[in-house]
Amino acid sequence: MKKCNECAYIFDNQEWKCPNCQYNPNLINGYLSFAPEIIDKVESYDPIFFAKLAKVEAKNFWFRSRNRLIISAIKKFFPNQKNFLEIGCGTGFVLSGLEKSFSQLQLSGSEIFTQGLEFASQRLNRTQLFQMDALHIPFQDEFDGIGAFDVLEHIQEDHVVLGQIYQALKPQGSLILTVPQHPWLWSQADDYAFHVRRYQSQDLKRKVQQAGFKIVTMTSFVSLLLPLMILSRFSQRREKKNYDPLNEFKISSWLNVTLEFILSIERQMIQSGVSFPWGGSLLLVAIKI
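Caption draft 1: Inspection of the packing of helix H2 (residues 61-77) against helix H9 (residues 253-271) at higher detail. At a closest axis distance of 9 Å, the pairing of H2 and H9 adopts a crossing angle of 20°. Between H2 and H9, the crossing angle belongs to the class labelled roughly parallel. Of the two possible hands of crossing, H2 and H9 adopt the one that is right-handed. Taking contact as the criterion, the partners of Phe61, Arg64, Ser65, Arg68, Leu69, Ser72 and Lys76 in H2 are, on H9, Asn256, Leu259, Glu260, Leu263, Arg267, Ile270 and Gln271. Its residues assigned to classes, the contact of H2 with H9 shows 5 nonpolar, 4 polar and 5 charged.

Below is the structure:
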């Protein structure tokens, strides 16, 4: 079902023009836009990073490993989903993995910045893309699954986003989240990434449950590499001039392969039921009840 962001009217027409108030979202740069008024006002992310990320994601161990973890979670817990929305899809790297892994899954991707959608459209073949504010999701009881991968930490009102996701999911619909973990790992990298917070596991669990979800599983990941991450992040505690937040992705090919191999072992452990209490990030899977 569609939900008008102007008058909150719920309707099931094929077109987006609201039957109640006649509001019809416009196209911006070719993408349906539900929140054009905030594109230039958002300070939770710098769209200049889209171009930089697009160059490193496909080869970097962290992005590749996270994709495999997300895909394995969907296959394990929700293999029969018919449609899925990614909120804050960025350059479309996660969605590109979903396209390859789930040929029958109808995919949608939203991003607050149309710059990100431009990069995503180059990667994707059959995903519907649109500009949207996660605080005002224009759907109700629409999706079998919704994911937000390293998105919530950018948003002050994360509890509002979780409530909007709950509204947009069908009954028994699935929620899949990844977020950075442990406030004590805060570094200059978080500042430059416009993070509002790094999560504690119990804080994320509480917010998800308060939104109405039942948690299926929650685990840390990037756990086997946590000692290396601690060394890296603690070295960034002192503010550096001309700091490049993408420096941590600029590693040698042999090290990249080694770290990806370690995280593949970790993923297999998670798939077998291991739940890590500590790690650089959190994976949470829940259902709407």
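Still more ground to cover, so stick around.
Caption draft 2: Inspection of helix H8 (residues 226-234) at higher detail. The set of residues buried in H8 consists of Leu226, Met229 and Arg233. Seen end-on, H8 carries its buried residues on one side only, within an arc spanning 55°. Turned more than 90 degrees away from the buried face of H8 sit Pro227, Leu228 and Leu231, all of them exposed. The elements touched by buried residues of H8 are helix H6 (188-192).

Caption draft 3: Local environment of the pattern of salt bridges. Applying the stated criterion to the full structure yields 12 salt bridges. Of the charged contacts, one joins Asp190 and Arg198 as a salt bridge, the two residues approaching to 2.9 Å between their closest N and O atoms. The burial state of Asp190 is the same as that of Arg198; both residues are buried. Notably, a salt bridge pairs Asp203 with Lys207, separated by 3.8 Å at the nearest N-O pair. Placement of the pair is Asp203 and Lys207 together in helix H7 (residues 201-210), with a separation of 4 residues, close to one helical turn. For Lys207, a relative accessible area of 15% corresponds to the buried category. Salt bridges here are not isolated pairs; linked through shared partners, they connect Asp158, Arg197, Asp203, Arg206 and Lys207.

Caption draft 4: The arrangement of the environment of Val161 in detail. Counting through the fold element by element, Val161 comes out in helix H5 (residues 158-168). Considering only alpha carbons, one finds Val161 and Gln14, 147 residues apart in sequence, at a separation of 25 Å.

Caption draft 5: Summary view of the side chain of Ser281. With respect to the helices and strands, Ser281 occurs in strand S11 (residues 281-288). Once you skip the residues sitting within four places of it in the chain, Ser281 turns out to touch Trp62, Val179, Pro180, Gln181, Thr219, Ser220, Phe221 and Val222.

Caption draft 6: Broad picture of the pairing of S11. For S11, the tally of buried residues reaches 8 of 8 residues, placing the bulk of the element in the interior. Of the two faces of S11, both are covered, the one formed by Ser281, Leu283, Val285 and Ile287 as well as the one formed by Leu282, Leu284, Ala286 and Lys288. Strand direction decides the pairing type here: strand S9 (residues 169-180) and S11, joined by 7 bridges, are antiparallel. Each residue of the ladder has a partner; that of Thr178, found in S11, is Leu283. Sheet analysis places strand S10 (residues 213-221) next to S11, joined by 8 bridges and oriented antiparallel. Residue pairing for S11: Ile215 is matched across the bridge by Ala286.

Caption draft 7: Representation of the packing of H2 against helix H3 (residues 93-101) in the model. Where H2 contacts H3, the two axes come as close as 10 Å, and the packing angle between them is 45°. With respect to H3, the axis of H2 lies oblique. Read as a crossing pair, H2 and H3 show a hand that is right-handed. Here H2 contributes Phe63, Arg64, Arg66, Asn67, Ile70, Ile71, Ile74 and Lys75 to the contact with H3, which in turn contributes Phe93, Val94, Gly97, Leu98 and Ser101. Per-class residue counts for the contact of H2 with H3 are 7 nonpolar, 3 polar and 3 charged.

What counts and how
Residues numbered from 1 in each chain as written. Predicted model: local features only at pLDDT ≥ 70, side-chain atom pairs only at ≥ 80, totals over all residues. Heavy atoms only, no water. Axes fitted to C-alpha atoms, helices over the stretch in contact; angles between N-to-C directions. Helix = DSSP H or I, 4+ residues; strand = E, 2+ residues; numbered from the N terminus. Parallel < 35°, antiparallel > 145°, perpendicular 65-115°, else oblique. Left-handed = near helix turned anticlockwise from the far one by under 90°. Contact = heavy atoms within 4.5 Å. Nonpolar A, V, L, I, M, F, W, Y, C, P; charged D, E, K, R; others polar. Buried < 20%, exposed > 50% of the residue type's maximum accessible area, 1.4 Å probe, protein only. Arc of directions from axis to C-beta. Salt bridge = Lys/Arg side-chain N within 4 Å of Asp/Glu carboxyl O. Pairing = 2+ DSSP bridges.

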